Amino acid sequence: MTDLNALTIAEARDALARGDLTSVELTEACLGAVEAGGALGAFVHKTPELALERARAADARLKAGAAPALCGIPLGIKDLFCTEGVASQAASRILDGFRPEYESTVSAQLRDAGAVMLGKLNMDEFAMGSSNETSVYGPAVNPWKVDERKLTPGGSSGGSAAAVAADLCLAATGTDTGGSIRQPAAFTGIVGLKPTYGRCSRWGIVAFASSLDQAGPMTKTVRDAAILLQAMAGHDPKDSTSADLPVPDFEAMLSGDIRGRKIGIPREYRMEGMPQEIEDLWAKGAEMLRDAGAEIVDISLPHTKYALPAYYVIAPAEASSNLARYDGVRYGYRAKLEQGDGIVDMYEKTRAEGFGAEVKRRVMVGTYVLSAGFYDAYYNRARKVRTLIKRDFEQAFDQGVDAILTPATPSAAFGLGEMGQADPVEMYLNDIFTVTVNLAGLPGISVPAGLDRKGLPLGLQLIGKPWEEGPLLDVAEALERAAGFVAKPEKWW
Amino acid sequence: MSIDTRTAAHVAHLARIRVEQDELPALAEEFNRILGFIEELNEVDVEGVEPMVSVTPMRLKRRDDTVTDGGMPERVLSNAPDAREGFFAVPKVVE
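For chain B, the name recorded in an unreviewed UniProt entry is Aspartyl/glutamyl-tRNA(Asn/Gln) amidotransferase subunit C, with Rhodosalinus halophilus as its organism. According to the UniProt record, the Subunit (unreviewed entry) comment for chain B is "Heterotrimer of A, B and C subunits." On record in UniProt, under Sequence similarities (unreviewed entry), the comment for chain B is "Belongs to the GatC family."

The name an unreviewed UniProt entry gives chain A is Glutamyl-tRNA(Gln) amidotransferase subunit A, with Rhodosalinus halophilus as the organism. Among the UniProt annotations of chain A, the heading Catalytic activity (unreviewed entry) holds the following wording: "L-glutamyl-tRNA(Gln) + L-glutamine + ATP + H2O = L-glutaminyl-tRNA(Gln) + L-glutamate + ADP + phosphate + H(+)". Turning to chain A, the UniProt record has this under Subunit (unreviewed entry): "Heterotrimer of A, B and C subunits."

Written out as structure tokens, the structure is:
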């Protein structure tokens, strides 16, 4: 039998329901894996007592019958989610010591469904980064390894990706503002879904760019993504942008039959200098979907090229506003003050010491593009380009396209410390295939589809219509099945 | 559009982030790199295009203007770096 911590949610759920397994056994297996997995830097705040307490409660509930799907399932929660009484730091020094008095809506829904939180997961500071290297805790490490180098698990949800790929937990929550669920999922050979903007409540999730942020599941299989999304999604009166729409039964929508679905291949995603392996994988993915009965059509998304620059105006602008709240007054870190320092000194020193380099850079870029005289030239122009990017997708969907297939990332995982040291823009290019989806508010999923020459996982991305995560997951499962990705990282940690 | 150290210092102050004098040239250089990347947006014809306000067509919900929460000053203050007598404490504000 496989190790309990290596089970999928679906397998564990069925075993728990049959009584073949208890949540305490499952949780203990995961806690053991978490303890043994310290070298991965995935869990940054561990909550073993809380986990066992919830596991015992879940077992009682399972015994009583009719427990929800997630009852007794051990999960990791990204550090961006506020969790009551448990450190929630967004991987930033400025939230040092912060223990929320409240629980984010998404993690509360998971808790109420009986899920077991094992602890909080590493990430880039305030979700700003694509390699987990901006974290105050130090980087999470990819369980995949091909030589002596330590590789990034991607970011910002790098700890979530590393934890799921290394079987420290059955699944994890992530958040995605420009690719922060899908890129790490692709780098670690797992499934990552960014739902439609508004599908999951943002309440209680530390805000980065509010018009782009969305929470989603990071799992071992597409089916698990459907199960976890089900529990995370839903309307929340505390988030005015959360959609008041019924949440369908996503798992029930996995039909296994995608005959007649129209899959678009956007020509603008064929980037100059793209590695041949990525291009080959993409072509292979299209072929697999065609073999499964889908119709493959070429489409055009003409403004793709402008998505990244538009994102690097809009996201920093929103971040500069959202992060204004970290002032050293109400929570978190406050700088030590000199005799005679006034309140502005307190703000400036606190923020200089509390924020890391990338966060400061983005807050200041955001401040600049919103400042008098530049607002129209930068911020308004970027919002107009965003309208055009969304229109591109609408036109593709109007032509009858059901989903769009693209590469998930422009490369496989790279070494820690290898990228963006001299030029921050180099790191930004990681999000080139994912960021359009956030700008257009669409659901997107990364599915592991193969290994590169060196043996590192590569992912493909499927993009769906708004609110149609169900049909999107259905296509994703067909791709998953055809790709038959079963490789696991060899344990070195 | 090129950013000099004076502009960099101004932006840092607007953002309430202390940047030491000797760090300003490097900061200005980074800004210029990022803004150079953003300049690409000038190629796009945005004539007559509305700037996006909401990515999904939705009307913000309204609710009754009533108190739904509160009465927990200790919990509100529980994470403050400096709280005294039921208040957040900060350095002197009035000169």
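Still more ground to cover, so stick around.
Student: Would you mind going over the interface of chain B and chain A in detail, with residue names and values included?
Tutor: Interface size, as often reported, equals the accessible area lost upon joining of the parts. Facing 51 residues of chain B, the contacting portion of chain A comprises 70 residues. Here chain B meets chain A over a buried area of about 5,200 Å², counting both sides, of which 68% is carbon and sulfur. Together, Arg18(B), Phe37(B) and Met52(B) form the three largest contributors to the area buried by chain B at its contact with chain A, with a combined 14%. The interface formed by chain B and chain A holds eight salt bridges in total. We note a salt bridge from Arg33(B) to Asp423(A), for which the minimum N-O separation is 3.4 Å. On inspection of chain B and its partner chain A, the count reaches 22 residue pairs in polar contact (both at pLDDT 80 or more).

Student: I'd like to hear about the side chain of Ser180(A), residue by residue, with values.
Tutor: The topology assignment puts Ser180(A) in the loop between strand E4 (171–176) and helix H6 (182–188). In contact with Ser180(A), other than residues within four places in its own chain, are Lys78(A), Ala127(A), Gly129(A), Gly155(A), Ser156(A), Ser157(A) and Thr175(A).

Student: Lay out the UniProt feature "active site" (unreviewed entry) in chain A with the relevant residues and their values.
Tutor: Residues and elements named next belong to chain A. What UniProt calls "active site" (unreviewed entry) maps, in this numbering, to Lys-78, Ser-156 and Ser-180. A compact arrangement is adopted by the annotated residues: their sequence extent is 103 residues, whereas the largest C-alpha distance between any two is 11.3 Å. Among the structural elements, Lys-78 can be located in strand E2 (residues 74–78). Ignoring anything within four residues of it in the chain, the contact list for Lys-78 reads Lys-120, Leu-121, Met-123, Ala-127, Ser-156, Ser-157, Ser-160, Thr-173, Gly-174, Thr-175 and Ser-180. A distance of 2.9 Å separates a polar atom in the side chain of Lys-78 from a polar atom in the side chain of Ser-156. Under the relative-accessibility criterion, Ser-180 is labelled buried at 5%.

What counts and what doesn't
- Residues numbered from 1 in each chain as written.
- Chains lettered and ligands numbered in written order.
- Predicted model: local features only at pLDDT ≥ 70, side-chain atom pairs only at ≥ 80, totals over all residues.
- Heavy atoms only, no water.
- UniProt positions renumbered as here; feature names shortened; annotations may be inferred.
- Contact = heavy atoms within 4.5 Å.
- Buried area = accessible area lost by both parts, 1.4 Å probe.
- Salt bridge = Lys/Arg side-chain N within 4 Å of Asp/Glu carboxyl O.
- Polar contact = N/O pair within 3.5 Å; in protein donor to acceptor, adjacent residues only side chain to side chain.
- Helix = DSSP H or I, 4+ residues; strand = E, 2+ residues; numbered from the N terminus.
- Buried < 20%, exposed > 50% of the residue type's maximum accessible area, 1.4 Å probe, protein only.

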